Structure formats: structure tokens, C-alpha cells
Amino acid sequence: MTGHLRRVAAGATLFGATVFGAWTMFGAATAQQSPPQDKPWHTADGFRNLDGAPERDIPFSTYLEFSWQRLQWSAQAPAIPPGHVLPAADAVAALAAAGDADSITWIGHATFLIRLVGMTILTDPFLMPRASPANFIGPKRFVPPGIPIADLPPIDVIVLSHNHYDSLDERTLAALPNKDTTTVVVPLGLGATFVRLGFERVHEIDWFESAEIAAITVTALPARHWSRRGLADENRTLWMGAAIAGAGKRIYFSGDSAYAPYFADLGDRFGPFDYGIVGIGAYEPRAMMQYSHTTPEEAVDLALDMGAGTLIAMHWGTIQLGTEPPFEAPARFRARARARDLAADRVWVLAIGETRRLP
Ligand code: ZN
């Protein structure tokens with residue numbers, strides 16, 4: 001798979017040729033003249049899901065209701081259940097105590113700090129107060145990041161799923177240390193953004209392609225989602241889940257995704273996984289979210305389709321993106337897991353800031 005790898009920026013001398021090449025072929029700025037026949041997820045001007053979706057057919061009344069709810073949320077943060085967030089000092093100490101052992105730490109939302117074979121991997125880093133292009137509008141986080149940005153260890157690898165503001169947070173990325181030694185793995189169309197932000201090692205890959213970083217392999221897998229950052233760039237850049245493998249351990253990171261029957265086939269081809277990190281929040285209103293996010297029940301099904309042994313919840317309890325009660329998801333997630341005969345110790349709903357060893 002690595003033969004197909006587009007290494008977007010290997011250094012200053014390669015910058016012009018490689019970045020421009022990748023951007024012209026796959027980026028947001030330029031349409032593809034004729035999408036490759038063997039890649040049905042490529043379109044003339046961007047990307048689509050494996051089943052042709054999203055034809056996101058969302059009723060206008062749903063949008064109105066949703067927008068009204070959003071206004072109300074911004075006025076009042078929800079009550080946070082006890083234990084949902086660890087004190088930052090405890091979280092930092094626990095992370096340090098785990099040392100080089102394989103472990104996972106929930107920073108919040110889709111942001112995990114994963115230690116694997118002595119390397120530190122960060123997923124969808126979002127640690128700022130708002131998921132938006134500005135400081136003063138957009139969904140506001142109602143809990144602090146589990147590990148303050150200043151206490152993050154040096155990051156070896158960033159895995160970025162797609163360009164929505166709660167996954168690709170430019171202010172967080174700009175604030176990360178050691179950008180010159182961090183390797184970034186992004187789906188097609190997002191490499192140039194990271195080069196602009198100062199990252200020097202950027203792998204921009206298509207679904208089913210892999211990037212190898214020392215002992216870690218990251219493979220881009222289809223998610224059922226969409227992309228947009230501006231007013232006229234819908235689905236111009238790709239979205240992805242990821243298989244992260246190292247020293248015999250395999251972790252599936254779903255990215256943002258709705259459920260689809262084809263995950264069973266993906267699981268047959270790319271599974272099984274020791275751990276499956278899946279999104280359990282932002283699922284209401286269904287008329288709107290069915291195209292982009294799983295319900296807690298579908299999250300269990302998706303993880304099991306992928307062949308995950310232990311399920312890890314993400315994309316909830318941090319910012320309010322859907323209209324469901326913000327702390328409803330874990331109970332539904334666990335109930336579905338029980339119904340599918342999973343033992344309770346194979347369903348992990350971490351506290352924000354919590355570190356768990358990966359045995
Ligand atoms: Zn998204």
C-alpha cells in the first residue's frame with residue numbers, strides 16, 4: 001500500500017512540487033477532470049461515500065428547530081455529572097505514571113492520546129474552547145480538555161479524520177509543540193492545510209492506503225460522513241476512519257461516521273481490531289444526523305462489524321452538537337453492548353482525562 005503513498009511534504013525542497021501536485025489532483029481548489037474508475041468514492045469535484053451518500057436530504061423545519069436549540073445551548077452549559085472530568089493535575093500525573101506502556105487517554109470529544117510501541121499518537125486534536133473558525137461563535141465546549149495543551153507530551157503522530165471544526169481545529173494544531181518532528185496522516189485534500197500550519201511531515205492518503213511511521217502503520221478506511229469548512233467546499237476533501245497498528249496491537253478509529261452495511265465487509269478485510277474507538281454522540285435529530293453520525297446502538301454495531309474486541313466511546317460529553325440529552329449516550333451504548341453479549345469490561349466509557357493501559 002505504501003507504494004501509493006503521497007508524501008505531501010517531506011521537507012522544504014519538496015514543498016513546491018509535491019504539495020502542488022497533490023493539491024491539484026485531489027484538493028479543494030481544483031476539480032478532478034475524470035475521477036479514477038476504480039475509485040467510486042472520487043467524484044468530478046470531490047468525494048462521496050461508498051454507497052453514493054450523502055444525499056443529505058434534511059427538512060428545512062429540522063434545520064430551524066436545530067438552530068433554535070443551538071441558540072439555547074449557547075446560553076447555558078449542561079450540568080456535568082460527577083466524575084465525568086478528572087482534575088487536570090490527576091490526569092497529568094496518571095499519564096506520566098503510565099510511562100511508555102501502551103495506553104489510551106481521553107482528552108475529550110474525538111481527541112485521544114494513544115501510546116503505542118513507545119510512540120505518542122494524537123487523534124483529531126481539538127482542545128480549544130470552541131469548535132468554530134472564530135473565538136466568539138460556534139459550539140462551545142462545556143468541559144476543559146482532559147490534559148491541558150501545555151502538558152501534552154511531544155506528539156509523534158497525528159491522525160486526522162476530516163475537516164469539520166470539531167476535528168480539524170487550526171488553533172489547537174498551531175499551538176502544538178514540535179510540529180517539525182510530528183508526522184501527520186490526513187485524508188486527501190487536507191495535506192496543504194497542515195503544511196501551512198507548519199507541519200513538515202505530512203502523509204495525505206486515500207482510503208485503503210497506508211502510511212508507515214517507524215513501527216506504526218496507519219491505514220485510511222472509509223467512513224460514512226462528509227466534509228465542509230467554508231461556504232462552497234462541501235465534500236471537496238476526503239473523510240476517513242483509520243486502522244492504527246503497531247507491534248501486534250490493532251486499533252480502529254472510526255472518525256465521524258454514520259452506520260452502513262458495508263462496515264461488515266471492511267471488518268472482514270481489515271479487522272479484527274483489539275480496540276474500536278467509535279462515536280456515540282451527536283445523533284439527534286435523526287432527520288439530520290442519520291447521514292453523518294451513529295446512534296449509540298449503531299456505534300456498537302459498527303465496532304462489532306469492524307471486529308473490535310473492546311469498544312471505546314468518543315465524540316460525546318464535550319460539546320453539544322446534537323439535540324439529544326448530552327449525557328444520555330453511555331447508558332444506551334452499554335445497553336446495546338449487553339444485548340450483543342459483550343462483557344461489561346469490553347465497553348470503555350472513559351472519563352475526560354482518564355488514562356487506561358492497553359493490555
Ligand atoms: Zn464531522
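Scroll up to find the structure this text is about.
Cut-offs and rules
- Residues numbered from 1 in each chain as written.
- Predicted model: local features only at pLDDT ≥ 70, side-chain atom pairs only at ≥ 80, totals over all residues.
- Heavy atoms only, no water.
- Donors = N, O, S within 2.8 Å, 3.2 Å for Na, K, Ca; no water.
- Tetrahedral: all angles 85-135°; square planar, octahedral: opposite > 155°, others 65-115°.
- Helix = DSSP H or I, 4+ residues; strand = E, 2+ residues; numbered from the N terminus.
- Buried < 20%, exposed > 50% of the residue type's maximum accessible area, 1.4 Å probe, protein only.
- Phe/Tyr/Trp six-rings, centres within 6.5 Å; stacked < 30°, edge-to-face > 60°.
- Lys NZ or Arg CZ within 6 Å of the ring centre and 35° of its normal.

On to the coordination of the zinc ion, then. Protein coordination of the zinc ion is provided by H162 (NE2), H164 (ND1), H225 (NE2) and D256 (OD), with donor distances spanning 2.2 to 2.4 Å. In this structure, the zinc ion is coordinated by four donor atoms arranged in irregular fashion, with angles at the metal of 89 to 172°. Positions of the donor residues of the zinc ion along the chain correspond to the pattern H-x1-H-x60-H-x30-D. Separated by 31 residues along the polypeptide, H225 in the loop between β11 (216-221) and β12 (241-246) and D256 in the loop between β13 (249-253) and α6 (263-270) bring together distant segments of the chain. A relative accessible area of 0% means that H225 is categorised as buried. With a relative accessible area of 4%, D256 lands in the buried category.

Geometrically, a pair of aromatic rings is defined through the distance of the ring centres and the angle of the planes. Applying the stated criterion to the full structure yields 12 aromatic pairs. For the pair W207 and W239, a centre-to-centre distance of 6.4 Å together with 75° between the ring planes defines the contact as edge-to-face. Highlighted residues: W207 in the loop between β9 (201-205) and β10 (210-213) and W239 in the loop between β11 and β12, separated in sequence by 32 residues. We classify W207 as buried; its relative accessible area is 2%. Ring geometry for F208 against F270: centres 5.7 Å apart, planes inclined by 20°, an arrangement best described as stacked. Pair noted here: F208 is in the loop between β9 and β10 and F270 is in helix α6, with a separation of 62 residues, a long-range link. Residue class for F208 comes out buried when judged on its relative accessible area of 12%. Take F270: its relative accessible area is 13%, and that puts it in the buried class. Site record: aromatic cluster; members linked through ring pairs are W41, W207, F208, W239 and F270. When the ring centre of F126 is taken as reference, the NZ or CZ atom of R141 above it lies at 4.8 Å. We note R250 situated over the ring of F273; from NZ or CZ to the ring centre the distance is 4.7 Å.

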